[in-house]
Amino acid sequence: MKLLPTITLLTLNAALLLASSEVIKEEKLEQIVKTGDASAKVLLKTLGSNLEKHMKSGGVMGAFNFCADEAYPLTEGVNKGLEKGVSVKRISLKYRNPANAPKADEIAVLESLNAMKASNTLPAYIVKQTDDKTFKYYKPLVIEKEACLKCHGKIMKDSELGKALGARYPLDTAINYEMNDLRGAVVVTITK
Ligand code: HEC
């Protein structure tokens, strides 16, 4: 993987990883970043505002049921509203919903994001080209709110939530996170 110097013109805070040797034109890259950033924001806003609403009205259990039943369908709904050839999802190396498991190329990116997080050089985003027409925009997701730890932190197995988690996600690995940990990424796939 090679880091492209043009990225420094766009933002000092971002790294560009390219699978192919083809150099992406700067305008094209700008367009990918714009689309990626906007689409990731729509998903995060949609999920975040709904999570907050359900936490207020139904507490942790209400919010858990919301996430378990609605996070995935809501993500599909967001995708329907995006322009053609663009789709968004969440991935993690330690995922809860197996539908959010990363693909092989995405595992490699999450691993490099983890390494960058460990050395305090986490970029705001990464763009990777997967074939002639397809780009993936990755936005790292860091645990920045204590509220996230209610369902992704240390959870007692015999608590109400612990039991619900065990029943719904027997293979759950999305726990024992701490503040400021890298949780995963939002991936926007752009096919042009
Ligand atoms: C009330 C419980 C709850 C809270 C609070 C919560 N989550 Fe989750 N989270 C879940 C559940 C349940 C899933 C699986 C949902 C699905 O089907 O996508 C999930 C899935 C995820 C995923 C997708 C990857 C995976 O593990 O399946 C990410 C990323 C994530 N959460 C990040 C966060 C962040 C960041 C916060 C804080 C802003 C947060 N969560 C707060 C319950 C919660």
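Heads up: the structure comes first, above all this text.
Description of the structure in this document. Position labels on residues start from 1 in each chain and follow its written sequence. For this predicted model, a pLDDT threshold of at least 70 governs which residues receive local features, and a threshold of 80 or more governs which side-chain atom pairs are given and counted, while totals over whole chains, interfaces and linings are taken from all residues. Hydrogen atoms and water are omitted, and side-chain values are computed over all heavy atoms in the structure.

### Remarks on the site of the ligand
Taken together, 22 residues are adjacent to the ligand, and Asn97, Cys148, Cys151, His152 and Arg183 come closest. Side-chain atoms alone can form a polar contact between residues adjacent in sequence; in general such a contact is a pair of N or O atoms within 3.5 Å, and within protein one must be able to donate a hydrogen while the other accepts it. A distance of 3.4 Å is found between an oxygen atom of the ligand and a side-chain nitrogen or oxygen belonging to Arg90. For the ligand, an oxygen atom lies 2.6 Å from a polar atom in the side chain of Arg183. Secondary structure counts use DSSP, requiring at least four H or I residues in a row for a helix and at least two E residues in a row for a strand, with both numbered from the N terminus. Every element with two or more residues in the shell around the ligand is listed here: α2 (26-81) and α4 (146-152). Considering every element that reaches the shell around the ligand, the biggest residue donor is α2, with eight residues. Residues are counted as near a molecule or strand when any one of their heavy atoms sits within 4 Å of it.

### Thoughts on the environment of Lys139
In this fold, Lys139 is placed in strand β5 (residues 134-142). Sequence-distant contacts of Lys139, that is, excluding residues within four places in its chain, are made with Asp37, Ala40, Leu44, Ala124, Gly184, Ala185 and Val186. Whether two residues touch is decided by their heavy atoms; if any such pair falls within 4.5 Å, the residues are in contact.

### Structural notes on helix α3 (residues 104-118)
Taking 1.5 Å per residue, 15 residues should reach 21 Å; α3 reaches 21 Å between its end C-alpha atoms and fits that length. Working definition: with a 1.4 Å probe on protein chains only, accessible area under 20% of the residue-type maximum means buried, over 50% means exposed, and in between means partly exposed. Listing the buried residues of α3 in full gives Glu106, Val109, Leu110, Ser112, Leu113, Met116 and Lys117. Projection of α3 onto a plane perpendicular to its axis shows the buried side chains occupying an angular sector of 165 degrees, all on one side. Exposed side chains of α3 directed beyond 90 degrees from the buried face belong to Ala104 and Ala118. Count one or two residues on from α3 and you reach Asn120, which has phi positive near 60 degrees. The length a helix should cover is 1.5 Å for every residue beyond the first. Along the arc lie the directions from the helix axis toward the C-beta atoms.

### Examining the coordination of the iron atom of the ligand
Note that water is not among the atoms used; donors are N, O and S atoms within 2.8 Å of the metal (3.2 Å for Na, K and Ca), so sites may look incomplete. There is one protein donor for the iron atom of the ligand, namely His152 (NE2), at 2.1 Å. By the secondary structure assignment, His152 is in helix α4.

### A word on the pattern of salt bridges
The working definition used for a salt bridge is a side-chain nitrogen of Lys or Arg within 4 Å of a carboxyl oxygen of Asp or Glu. Across all of its chains, the model carries eight salt bridges by this definition. The salt bridge involving Lys41 is made with Asp37; its shortest N-O contact spans 2.9 Å. With Lys41 and Asp37 both in helix α2 and four residues apart, the pair spans about one turn of that helix. Here Lys41 falls in the partly exposed class, since its relative accessible area comes to 40%. Residue Asp69 pairs with Arg168 through a salt bridge whose shortest N-O separation is 2.6 Å. Remark: Arg168 occurs in helix α5 (residues 160-168) and Asp69 occurs in helix α2; sequence separation between them is 99 residues. Overall, Arg168 belongs to the partly exposed group, its relative accessible area being 42%. Through salt bridges with shared partners, a single network forms among Lys89, Asp105, Glu106 and Lys136.

Nothing here speaks to function; it is geometry throughout.
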